[in-house]
Number of protein chains: 2
Amino acid sequence: MQIAVLGTGGVGRALAGRFAALGHDVIMGTRSPEATLERDDHREWAAANPSVALAGYADAAAGAEIVVNATSGDVSLDVLGAAGAANLDGKVLMDLSNPLDFSAGFPPTLFVKDTDSLGERIQAAFPSARVVKTLHTMNNSVMVDPGAVGGGDHTVFVAGDDADAKGVVTGLLTAMGHTDVLDLGDISASRGTEMMMPIWLRLMSALGTAEFNFKIVRN
Amino acid sequence: MQIAVLGTGGVGRALAGRFAALGHDVIMGTRSPEATLERDDHREWAAANPSVALAGYADAAAGAEIVVNATSGDVSLDVLGAAGAANLDGKVLMDLSNPLDFSAGFPPTLFVKDTDSLGERIQAAFPSARVVKTLHTMNNSVMVDPGAVGGGDHTVFVAGDDADAKGVVTGLLTAMGHTDVLDLGDISASRGTEMMMPIWLRLMSALGTAEFNFKIVRN
C-alpha cells in the first residue's frame, strides 16, 4: 500500500522503516524536505532506508492511501492542516499523537483530556478522514517490534468511527507482529487511551526502561 | 492484623470479607451503623460474614492498625475526616478511591486529575497517615481473587511516600494472591493510576465484563 508517514522523529522513522521493510510504498512527510535533508541524523537514517521517499506534508499525503500522523500532539492539527483536508479525504488516518504539554517541564501534562481528546479534535477538524487512534500507548520500538517485549504477549488498542478503517489498521498492526488488537469502539475512546500517558511515563521511570507494554488480561 | 474497612459498598464488602477469611480482625466503618443494619442487603452480607464487626467511622478506625478507604472518591475526604485525623495518625491508610464525577452521567469525568490527584489530596489532608494508593485500577472481584482472571498473571500498583507502609500493603496483596506488585514510587503516582479510569471504563464496555486487569509486560 501507499503509506505517508507525517513526522520525521523517532515514531515516524520507526514506522516508515518498518512499513518499507514489509514491502509498502512509503513516503515520509516533513515541513521542509530541504531542512530535513540538512540534518545529519536524517541523512544517516535515509541512507539506511533508501526506499523511503521524503516530501512536504501535502505532497506526501496526496498520493497515499493511508496517512500516519506521527507528529507531536502540540503540532498535529497544524501538520494535518498543512497536509491538506483534500489530501486526507476518505483516507485512513492512523493517529499516534499524544496531547503532551511540556511547557512546565517534566512530567508533561495533557492539553486536552477527560471531556475531549486529540483524536476527537483531529476527527472533527477533518471529518472526511477516517481516523483510527492506535499505537500511541507504547514506545516506538515496541510499536514496530512487539515481539521484543514479553514475546509480544501484550495489547494494542484501535479506536475510530469507521469499521473498515479499523480493519485496514488491524491488518497493518498484525503484519508488524501485534497479536492482541483490541477495538475500543468509536474515536471518543481516545480520551481513555490518551489519559494513559501519565501512567506510561511513571512506569518508564519506575522500570527504568521504555521497553514495556500494557496487556489487557481477560478470560 | 486489626483492619478497618471504611465503606460498606461492593469494594468494602469484598475486602472486608477477604481479609476476615485470611484471619485478620476486621471491622467495617460506616456513617451510621443503625442505618446500615436496616439495609436488607447488608444484613444478608453480615450474616454470611459474621466475624466482621460494624461501627461508625471513628470507632472503626480507632482500634485499627490499617485503615482501608473503600468509599466513593467524592466522599472520601469527608469520610476520613469523620474517622478523625487522630485515628489515622501513623497508620497505614490503603486508599482505593477514584475521583469519579457522575454529575453529568456516564461515562463519569474525573474531579481531580493531571496536576493533582485524590491520593495526594488525602495524603495532604492527613499528613501523619501513611497513604498507599492501590487496587483501584481493577474491579473488586479481581482485587480479592486475582487468580480468577488470567490465572492471576496481571499487575497491581502501589504508590506512596512511606516504604514501610508499602511493604505492609504488599504483604496483604500477596496474601490475597497478587503476584506482580509494582511500586510506582511516591503518592504523586496516583495521578497516573487514577487517570486510568477512563480506559478501564471503556474496556468494561468493549469487553462486556469487569473481569479483566492490566498487566505491565516487560522483559
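Our subject is the structure listed above.
Procedures and definitions
- Residues numbered from 1 in each chain as written.
- Chains lettered and ligands numbered in written order.
- Predicted model: local features only at pLDDT ≥ 70, side-chain atom pairs only at ≥ 80, totals over all residues.
- Heavy atoms only, no water.
- Least-squares fit on C-alpha atoms with pLDDT ≥ 70 in both.
- Contact = heavy atoms within 4.5 Å.
- Pairing = 2+ DSSP bridges.
- Helix = DSSP H or I, 4+ residues; strand = E, 2+ residues; numbered from the N terminus.
- Axes fitted to C-alpha atoms, helices over the stretch in contact; angles between N-to-C directions.
- Buried area = accessible area lost by both parts, 1.4 Å probe.
- Salt bridge = Lys/Arg side-chain N within 4 Å of Asp/Glu carboxyl O.
- Polar contact = N/O pair within 3.5 Å; in protein donor to acceptor, adjacent residues only side chain to side chain.
- Nonpolar A, V, L, I, M, F, W, Y, C, P; charged D, E, K, R; others polar.

Bringing the relation of the copies chain A and chain B into the picture now. In the superposition of chain A on chain B (RMSD 0.0 Å, axial shift 0.0 Å), the rotation amounts to 180°. The two molecules are tied by a two-fold rotation axis, judged by turn and shift. Residue K215 of chain A, judged by its C-alpha, is the member of chain A lying nearest the rotation axis, at 2.5 Å. Comparing contact sets, 100% of the residues at the interface of chain A also lie at the interface in chain B, consistent with an isologous, same-surface contact.

A few words now on the sheet that holds strand β1 (residues 2-6) of chain B. Across a sheet, strands are paired by hydrogen bonds formed along the backbone, either parallel or antiparallel in direction. Reading across from one edge, β3-β2-β1-β4-β5-β8-β9-β10 (chain B) is the order of the eight strands in this open sheet, with mixed pairing throughout. Looking along the sheet, the strands with just one partner apiece sit at the ends: β3 (53-56) and β10 (180-183) of chain B. Across this sheet, the average inter-strand angle for adjacent strands is 25°, counted without regard to direction. Pairing of strand β9 (residues 155-160) of chain B with β10 of chain B involves four bridges; the strand directions are parallel. In the sheet register, F157 of chain B faces β10 of chain B, and the bridge partner there is L182 of chain B. Packed on one face of the sheet, helix α11 (residues 197-207) of chain A meets β9 and β10 of chain B and runs near 90° to β10 of chain B.

The next point concerns the sheet that holds strand β8 (residues 130-134) of chain A. Residue and element names in this part refer to chain A. Across the sheet, eight strands lie side by side as β3-β2-β1-β4-β5-β8-β9-β10; this open sheet has mixed pairing. Looking along the sheet, the strands with just one partner apiece sit at the ends: β3 (53-56) and β10 (180-183). Ignoring which end each strand starts from, the neighbouring axes of this sheet average 25° apart. Against the sheet, helix α7 (residues 118-125) contacts β4 (66-69), β5 (92-95) and β8, and its axis sits at roughly 165° relative to β8.

What follows concerns the interface of chain A and chain B. Of the residues lining the interface, 37 residues belong to chain A; the matching set on chain B comes to 37 residues. Here chain A packs against chain B, burying approximately 3000 Å² in sum over the two surfaces, 65% of which is carbon and sulfur. For the pair chain A and chain B, the number of links is four salt bridges. Between R202 of chain B and D186 of chain A there is a salt bridge, and its shortest N-O distance comes to 2.8 Å. Across the contact surface, chain A and chain B share 17 residue pairs in polar contact (both at pLDDT 80 or more). Where the side of chain A that touches chain B is concerned, the elements lending two or more residues are β7 (109-110), β10, α10 (190-194), α11 and β11 (212-218) of chain A. When residues in the side of chain A that touches chain B are grouped by element, the largest group, seven residues, is from β11 of chain A. Taken together, the residues of the side of chain A that touches chain B break down into 18 nonpolar, 10 polar and nine charged.

Limitation: the analysis is restricted to geometry and does not speak to function.
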